[in-house]
Amino acid sequence: MERSDAEYIALVLKGDAASFEPLVQKYSPRLFATARRYARRESEIEDIVQEVWLKAFHKLSSFRGDAPFEHWLMRLAVRTCYDFLRGHQRNREANFTDLTEPESDWLEQFVAQPESAGEDAAAAKQLVARLLEQLSPPARLVITLLEIEDRSVKEIAQLTGWSVPLVKVRAFRARAEMKKLLARLAQEKYL
Amino acid sequence: MKLELLMQKLLAAARANPPADRVPYKFEQRIMARLKEQPALDLAALWARALWRAVAPCAVVAVLIGLLSFAGNGSNPASNPAGETPDFSQHFESVMLADVGEPNEDVW
């Protein structure tokens, strides 16, 4: 019979480190999906998830058990991803001159017929990834959690450790930052 | 140019394409191996870390005591009816080293 998360955690805290492996197996897919929202290279993604698990193991005694383990783990994951973004913010590109042909075609289609530009197109996905990479770390985090993952402000506050008013302020600034980037994109491409 | 609509379209594109949850081959084993590699509790490292953390507060205390000592030397002798100049550094040294030095009646 499969044990619950709480049972595995209790065993790990008693010194049975091997009981941590079922938790790693169970939650790694979720962590990889989260890390892939913030990093592009597979090596970076794996480093992020590995760091989350090492932190989780060493901080496991601080898990009180009044919320599901998954929530506690996701808080660690989001904060680790944010640290990653802050550590790599110098790598952000600052122009739209190197758009691929499908990206340019998608934008042209949007200009010609805004409603017909498909949201499921690969070019749109690449374009939004490019746009998100140019946002500041707090803006990228808040846009991802609020607009893409569709989380509430309260949830974001819990995940990030920011206050609710700070999340609202950062969300407002993030939307403004994104619109500014889009305006620059429009200007550079003469749309 | 409808920037708001463009933003909504792009965000919808991101929502429609969630990232893969694929886990690299033998990732769990690598994590468990990393955890086993790490020392359980390194007391020497903990002690060294605590000592390094104590450096700044100790330096602050030393500077404060030095400043108080100089301030004591410069106080007004007229305030002392016995005519002795209150010397903080002398008093401090006497108190701190009372048990270390030879018994001396002048200390107390």
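You'll find the structure just up there.
A few points on the structure. A quick note: this is a predicted structure, and the numbers were derived from the prediction, not measured. (Residues numbered from 1 in each chain as written. Chains lettered and ligands numbered in written order. Predicted model: local features only at pLDDT ≥ 70, side-chain atom pairs only at ≥ 80, totals over all residues. Heavy atoms only, no water.)

### Looking at the interface of chain A and chain B
In plain terms, the rule: Contacts: residue pairs with any heavy atoms within 4.5 Å of one another. Reported buried area values correspond to the accessible surface (1.4 Å probe) lost by two parts on association, with both partners' losses combined. The salt bridge definition used is simple: a Lys or Arg side-chain nitrogen within 4 Å of an Asp or Glu carboxyl oxygen. N or O atoms within 3.5 Å of each other form a polar contact, as long as, within protein, one can give a hydrogen and the other can take it, and as long as residues adjacent in sequence are counted only when both atoms are side-chain atoms. Runs of E in the DSSP output that reach at least two residues are strands. Runs of H or I that reach at least four are helices, and both are numbered from the N terminus.
Contacts between the two partners involve 43 residues from chain A, matched on the other side by 32 residues from chain B. Summed over both partners, the interface of chain A with chain B buries about 3,600 Å², with 72% contributed by carbon and sulfur atoms. At the junction of chain A with chain B, the criterion picks out three salt bridges. In this assembly, chain A and chain B are joined by five residue pairs in polar contact (both at pLDDT 80 or more). For the side of chain A that touches chain B, the secondary structure elements donating two or more residues are helix H2 (21-35), helix H3 (42-58), helix H5 (101-112), helix H6 (122-133), helix H7 (137-148) and helix H9 (164-188) of chain A. Of all the elements, H3(A) adds the most residues to the side of chain A that touches chain B, at eight residues.

### Here's the deal with the pattern of salt bridges
Between side chains of opposite charge, pairing is possible as soon as their charged atoms come close. Residue and element names in this part refer to chain A. Convention followed: Only protein chains enter the area calculation, which uses a 1.4 Å probe; residues under 20% of their type maximum are buried, those over 50% are exposed, and those in between are partly exposed.
Inspection of every chain in the model, using the stated rule, returns 15 salt bridges over all chains. Between Glu155 and Arg151 there is a salt bridge; the shortest N-O distance is 3.6 Å. We classify Arg151 as buried; its relative accessible area is 16%. Three or more residues are tied together by salt bridges with common partners; here these are Arg37, Glu149, Arg151 and Glu155.

Just distances and angles here, no functional claims.
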